[in-house]
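Architecture and fold: a report
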Amino acid sequence: MAEKRVESEIERQQPDIRANIDGVKFHKLAKGITTHPLVRSGRPCIEGTTIMVTNIAGLQNFHNMDAQQIADHLWLELFMVQDALNYYADHKHYIDVCIEISSINHDQMVESHYGDWTRDLLSRRDAISKDCHAVERLR
């Protein structure tokens, strides 16, 4: 018969998934802001999330949201958004360049043949949907 193990003899350590990924530790950039090469390609994120500082800056700049509105919209605590906005204020030029590069990449993707392919797929999907509705009306 197997011997019963006593829980006090077993030392259990729960892995902290926010401490490291694949043995690489998160780097703390500022209060509440971390980076990791395997999370959002190393872009600055709110600690414990994958929400990038550029997302917070975009909501503030392009949608005219204040910190409380951003927190409510993204289901975050207010202090998390404030940490991101503080980091953005300290590194405004860097974050603005990241936003601009992202915008350029989006525009290039739309203008490329991949954008044409996506538009073609969507138009074919719409045509098929219309055909299906027409067949249903005939029944």
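Described below are features of the structure shown in this document. Being a predicted model, the structure only gives us computed values, none of them experimental.

Thoughts on the environment of methionine 52
Tracing the chain through its elements places methionine 52 in the loop between β5 (45-46) and α1 (53-62). Among the residues examined, methionine 52 registers a relative accessible area of 12% and is labelled buried.

Looking at the pattern of salt bridges
Tallying each qualifying case throughout the model produces two salt bridges. Here lysine 28 and glutamate 47 are joined by a salt bridge, their closest N and O atoms 3.3 Å apart. Here the residue lysine 28 occupies a position in strand β3 (residues 27-30), and glutamate 47 occupies one in the loop between β5 and α1, the gap between them amounting to 19 residues. Among the ionic pairs, lysine 92 bridges to aspartate 96, the shortest N-O distance being 3.0 Å. One end of the pair, lysine 92, and the other, aspartate 96, are both in helix α4 (residues 92-111), four residues apart, so they sit about a helical turn from each other. By relative accessible area, aspartate 96 is classed as partly exposed at 27%.

Thresholds applied
- In this convention, every chain numbers its residues from 1, walking through the sequence in written order.
- Reporting of local features is limited, given that this is a predicted model, to residues whose pLDDT is at least 70; pairs of side-chain atoms are given and counted only at 80 or more, and all residues count toward the totals for whole chains, interfaces and linings.
- To get the side-chain values, take all heavy atoms of the structure and skip hydrogens and water.
- A run of H or I in DSSP counts as a helix once it spans at least four residues, and a run of E counts as a strand once it spans at least two, with each numbered from the N terminus.
- Only protein chains enter the accessibility calculation, which uses a 1.4 Å probe. A residue is then buried if its area is under 20% of the maximum for its type, exposed if over 50%, and partly exposed in between.
- Any Lys or Arg side-chain nitrogen located within 4 Å of an Asp or Glu carboxyl oxygen qualifies as a salt bridge.

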